Amino acid sequence: MPPKVEKLPMGVVELDSSDDEGTGVPVVGMTKPEINHGGNSLSKSPVIENPNAVVPPDSNYRPLDSRSFWKAGNFEVGRIKSTAIHGELEHARVHPKFLHSNATSHKWAFGAIAELLDNAVDEISSGATFVKVDRISNPRDNSPALLFQDDGGGMDPDRLRKCMSLGYSSKTSNSTIGQYGNGFKTSTMRLGADVIVFSRSSRSGRATQSVGLLSYTFLRRTGQDDVIVPMIDYDISDHWAEAIVYGSQDDWSTNLKTILEWSPFATKMDLLQQFDDIKSHGTKIIVFNLWLNDEGIYELNFDDDDEDITLRDEANLGNTSKTNKRGRELQSHISYRFRYSLRAYASILYLKKFTNFSIILRGKPVEQYSILDELKLSKVITYRPQLAGTSKEILVETSLGFVKDTPSSVCGFNVYHKNRLIRPFWKVTADGSSKGNGVVGVLEANFIEPAHDKQDFERSSLFFKLETKLKQMVMDYWKGHCHLIGLKPLEPHLQNLLRESFVPPQVQVANAQTPSPTNFQTVTDLAAHPRPHFRSAQSGNSGRANCNMELPAVQPMTGNAIGSVKKDAQISSSSCMSIDQICEENIQLFRRCESFIQRETELKRTIEELEKELEDTKKKSSELSLRLESQKKLKLLKQLGQKA
């Protein structure tokens with residue numbers, strides 16, 4: 001075991017005199033590429049990589065000049081210096097610019113936040129009960145910073161080094177979301193230029209706490225041509241913080257100096273106080289020097305809603321001040337709000353509802369939203385894709401239906417992978433087509449792999465087969481159910497049938513004993529719903545529907561009427577019509593008719609109020625005109641009197 005030095009109380013930690021020596025931070029690099037228990041980038045003897053680099057003093061802490069994420073990678077890459085030692089092989093380097101270019105895989109800032117939420121959700125198996133997402137202030141300059149904190153198992157020194165390194169992942173379970181060993185780096189660098197991690201863990205009877213700093217600002221300002229990540233570790237098994245030293249004490253002190261120089265915490269006491277609310281295990285991530293948009297304003301908006309974090313540019317696109325009522329209804333639906341509201345996005349991010357875990361956004365738990373609970377006429381369709389290169393089939397259940405009380409333009413599939421939302425409201429039907437409007441579906445597609453940013457799927461043959469299958473599901477469901485909510489067009493031959501068979505209700509009541517020789521079901525429906533423009537259903541490929549609702553009462557039929565009904569039943573059968581379908585559709589149309597009548601009444605009332613208001617206005621206008629005329633006459637008389 002490496003020697004342990006600097007035995008200090010955990011709660012009150014003083015900075016050693018050796019830690020205060022020197023006025024600047026030496027620019028250092030690693031001489032070996034291995035990643036192991038002590039393999040942080042500053043564990044070897046310091047080597048001056050760039051003597052001409054400008055190193056700001058501690059009192060002059062400042063972020064990068066270019067604060068826009070999409071412009072932060074625009075700089076020249078200098079000549080790469082060799083670090084090979086005699087007898088060792090040359091190795092590939094990772095330039096700091098790669099941190100930025102790697103993070104551009106996240107086009108959407110919420111996609112980056114989702115990666116960090118995934119890491120916390122994966123810790124549920126280690127006992128995590130919450131993840132907090134909040135805005136905090138950077139003590140250096142009072143600028144906003146983004147906090148992620150969970151009470152999971154935490155990371156020991158070895159896991160923290162893997163987390164900070166590219167391509168390493170300790171997650172091997174089929175149930176975990178993370179797998180590529182790249183999400184932490186891409187997500188944090190997409191949100192801000194710098195991130196500091198605090199983690200406590202207890203494994204194999206040893207309790208540790210570690211701090212790691214991944215700072216694009218530090219790497220840029222000190223002119224590094226390799227990614228250097230300073231880290232320090234403590235053994236806290238005996239309730240004391242003992243520094244874990246892997247190389248020399250000077251190396252450990254250099255790591256600490258670099259963290260204090262370039263992190264939001266200027267003293268060792270401030271740094272270690274960040275563990276106070278982590279308790280015995282958990283992880284805290286602070287992303288600072290957040291990126292700005294092209295207008296020079298923070299991309300993440302913390303001001304408009306104290307209980308939410310919004311995307312400023314996306315929220316501006318959703319300004320409802322000049323939209324009509326239908327547009328406002330659409331923009332209030334979660335299919336629109338998730339684009340700019342983190343609370344809305346987090347509410348649909350995971351398919352299954354948590355039982356003992358909460359996402360706490362700015363102090364308030366996120367209420368998980370199930371789109372399945374908002375569907376009417378829902379139906380479950382089974383899909384059995386065959387895995388590529390094998391004869392194995394898997395079972396995938398897709399639930400779909402019409403969304404309630406929402407404009408019919410809301411449509412698409414929420415496709416999840418291992419419980420995580422990958423494609424929200426994916427519209428598989430052609431743009432401009434009304435078929436499929438209002439149809440929303442949910443499925444979990446674990447048989448296809450998501451892209452690295454987890455916002456889409458890899459374009460494999462299984463993906464294209466799934467897309468084709470979902471299109472077929474929408475079309476079949478639309479044909480069989482759209483008429484139930486009044487969205488199916490009226491066929492020409494049904495228009496003629498209704499026009500010919502329409503009988504006003506007064507005439508029908510008077511001639512109840514001798515109804516006219518028309519289709520009996522159509523006559524009874526028209527008697528209940530006296531609107532000649534009602535539509536009737538056509539079975540198409542939807543099959544026959546069962547009508548369990550009681551039909552309106554009718555008078556007994558004569559022999560001629562019975563023969564007429566039989567004749568019309570034959571016509572209905574030859575036209576692929578079903579009495580049950582006509583009944584069901586006309587019931588729906590009757591409900592729509594009632595709503596239109598109610599709306600008409602309200603409009604009439606509004607017209608009457610406006611007409612009354614208009615009359616009052618006209619009276620006031622007449623009174624004002626008379627008063628004005630009298631004043632003019634008085635003025636004219638005064639002028640004539642003065643002249644006389």
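As the structure is a computational prediction, the values presented were derived from the model and not from experiment.

About the criteria used
Residues numbered from 1 in each chain as written. Predicted model: local features only at pLDDT ≥ 70, side-chain atom pairs only at ≥ 80, totals over all residues. Heavy atoms only, no water. Helix = DSSP H or I, 4+ residues; strand = E, 2+ residues; numbered from the N terminus. Buried < 20%, exposed > 50% of the residue type's maximum accessible area, 1.4 Å probe, protein only. Contact = heavy atoms within 4.5 Å. UniProt positions renumbered as here; feature names shortened; annotations may be inferred. Patch = residues over 30% accessible without salt bridge, like charges linked within 9 Å, V, L, I, M, F, W, Y side chains within 5 Å. Areas by Shrake-Rupley, 256 points an atom, 1.4 Å probe, with all protein chains shown as cover. Salt bridge = Lys/Arg side-chain N within 4 Å of Asp/Glu carboxyl O. Lys, Arg positive; Asp, Glu negative; His and termini not counted. Charge placed at Lys NZ, Arg CZ, Asp CG, Glu CD. Core = buried A, V, L, I, M, F, W, Y, C linked by side-chain atoms within 4.5 Å. Pairing = 2+ DSSP bridges. Phe/Tyr/Trp six-rings, centres within 6.5 Å; stacked < 30°, edge-to-face > 60°. pLDDT = per-residue confidence, 0-100. Axes fitted to C-alpha atoms, helices over the stretch in contact; angles between N-to-C directions. Polar contact = N/O pair within 3.5 Å; in protein donor to acceptor, adjacent residues only side chain to side chain. Expected span 1.5 Å × (residues − 1).

Draft legend 1. Spatial organisation of the overall build of the chain. For the chain, the count of helices and strands is 17 helices and 17 strands. Relative to its full complement of 644 residues, the chain shows a buried share of 47%. Partitioning the intrachain contacts of the chain with sequence separation of at least 6 by distance along the chain shows that 73% fall at a separation of at least 24.

Draft legend 2. Structural view of the UniProt feature "coiled-coil region" (unreviewed entry) in the chain. Per the UniProt entry, the sites bearing "coiled-coil region" (unreviewed entry) are residues 593-627 in this numbering. Spanning residues 593-627, this segment combines 100% helix with 0% strand, and its end C-alpha atoms are found 51 Å apart.

Draft legend 3. Focus on a negative patch on the surface. A cluster of acidic side chains, namely Glu 608, Glu 609, Glu 611, Glu 613, Glu 615 and Asp 616, defines a negative patch on the protein surface. When you line up the elements, Asp 616 lands in helix 17 (residues 579-643).

Draft legend 4. Structural detail: the nonpolar core. Within the largest apolar cluster, 93 residues are counted, with the highest numbers of intra-cluster contacts made by Leu 146, Phe 148, Leu 191, Ile 196, Phe 198, Leu 271 and Tyr 345. Among the elements that take part in this core, helix 2 (residues 109-122) stands out by supplying nine residues, more than any other. In terms of nonpolar packing, the next biggest core, distinct from the first, is built from 25 residues, Trp 426, Ala 445, Phe 447 and Leu 470 among them.

Draft legend 5. Inspection of the pairing of strand 16 (residues 420-426) at higher detail. Within strand 16, six of the seven residues are buried, which leaves the element mostly enclosed by the surrounding structure. In terms of strand pairing, strand 15 (residues 412-417) meets strand 16 through four bridges, oriented antiparallel. The residue of strand 16 that forms the bridge with Tyr 416 is Leu 421. The hairpin formed by strand 15 and strand 16 contains two residues between the paired strands, and Lys 418 there has a positive phi angle of roughly 50 degrees.

Draft legend 6. Fine view of the packing of aromatic side chains. Tallied over the full model, the rule gives 19 aromatic pairs. Between Tyr 336 and Tyr 340, the aromatic rings sit 6.3 Å apart at their centres with planes inclined by 70 degrees, giving edge-to-face as the arrangement. The buried category is assigned to Tyr 340, whose relative accessible area is 17%. Ring centres 5.3 Å apart and planes at 45 degrees place the aromatic pair Phe 402 and Tyr 477 in the tilted group.

Draft legend 7. How the structure looks around the environment of Asp 476. As for its placement among the helices and strands, Asp 476 is situated in helix 12 (residues 461-481). Residues Asp 476 and Gly 436, 40 residues apart in the sequence, show an inter-C-alpha distance of 9.4 Å.

Draft legend 8. Geometry of the side chain of Asp 453. Structurally, Asp 453 can be placed in the loop between strand 17 (439-444) and helix 12. One buried charged residue, Asp 453, forms no salt bridge at all, with the nearest opposite charge on Lys 107 at 6.4 Å. Ignoring sequence-local partners within four residues, the contact set of Asp 453 consists of Ser 105, His 106 and Glu 115.

Draft legend 9. The arrangement of the confidence of the model for the chain in detail. With 67% of its residues at a pLDDT of at least 70, the chain reaches an overall mean of 75. Contacts of residues 171-181 to residues separated by more than four positions or lying in other chains number 28 contacts, the stretch itself having pLDDT below 50. Confidence drops under pLDDT 50 across residues 505-559; counting only partners more than four residues distant or on other chains, this segment forms 104 contacts.

Draft legend 10. Structural view of helix 4 (residues 183-191). Burial analysis of helix 4 places nine of its nine residues in the buried class, the great majority of the element. Taken as a whole, helix 4 has its buried residues at Gly 183, Phe 184, Lys 185, Thr 186, Ser 187, Thr 188, Met 189, Arg 190 and Leu 191.

Draft legend 11. Structural view of the sheet that holds strand 16. Reading across from one edge, 13-14-17-15-16 is the order of the five strands in this open sheet, with mixed pairing throughout. Each edge of the sheet is formed by a strand with only one pairing partner; in this case those strands are strand 13 (375-383) and strand 16. If you compare each strand with its neighbour and ignore which way they point, the axes differ by 15 degrees on average. Direction of pairing for strand 15 relative to strand 17: parallel, over a ladder of five bridges. Counted as the bridge partner of Gly 412 is Val 440 from strand 17.

Draft legend 12. Region of interest: the environment of Pro 365. Mapped onto the elements, Pro 365 comes out in strand 12 (residues 364-365). C-alpha separation for the pair Pro 365 and Glu 307, spaced 58 residues apart in sequence, amounts to 9.5 Å. Once you skip the residues sitting within four places of it in the chain, Pro 365 turns out to touch Arg 343, Ile 359 and Ile 360.

Draft legend 13. Just the environment of Lys 107, in detail. Within the secondary structure, Lys 107 is located in the loop between helix 1 (96-103) and helix 2. A residue is classified by how much of its surface remains accessible, and Lys 107, at 62% relative accessible area, is exposed. Expressed as a C-alpha distance, the spacing of Lys 107 and Arg 190, which sit 83 residues apart in the sequence, is 8.7 Å. A polar side-chain atom of Lys 107 sits 3.2 Å from the main-chain carbonyl oxygen of Thr 104.

Draft legend 14. Structural view of helix 6 (residues 249-262). Look at helix 6: 20 Å from first C-alpha to last across 14 residues, which is about the 20 Å you get at 1.5 Å a residue. Taking burial as the measure, the 14 residues of helix 6 include 11 buried ones, the bulk of the element. Of all the positions in helix 6, only Asp 251, Trp 252, Ser 253, Thr 254, Asn 255, Leu 256, Thr 258, Ile 259, Leu 260, Glu 261 and Trp 262 are classed as buried.

Draft legend 15. Structural context of the pattern of salt bridges. Evaluated as defined, the whole model comprises 14 salt bridges. For Lys 162, the salt bridge is made with Asp 158, and the minimal N-O distance between the two is 3.8 Å. On the criterion of helical spacing, the pair formed by Lys 162 and Asp 158 is a turn pair, its members being four residues apart in helix 3 (residues 157-164). Taking relative accessible area as the criterion, Lys 162 reaches 27% and is therefore assigned partly exposed. Judged by relative accessible area, Asp 158 falls into the partly exposed class, the value being 22%. In this structure, Lys 604 engages Glu 600 in a salt bridge whose closest nitrogen and oxygen atoms are separated by 3.8 Å. Taken together, the residues Lys 604 and Glu 600, both in helix 17 and four residues apart, mark about one turn of the helix. Overall, Glu 600 belongs to the partly exposed group, its relative accessible area being 36%. A single salt-bridge network, built from bridges that share partners, covers Arg 423, Asp 456 and Arg 459.

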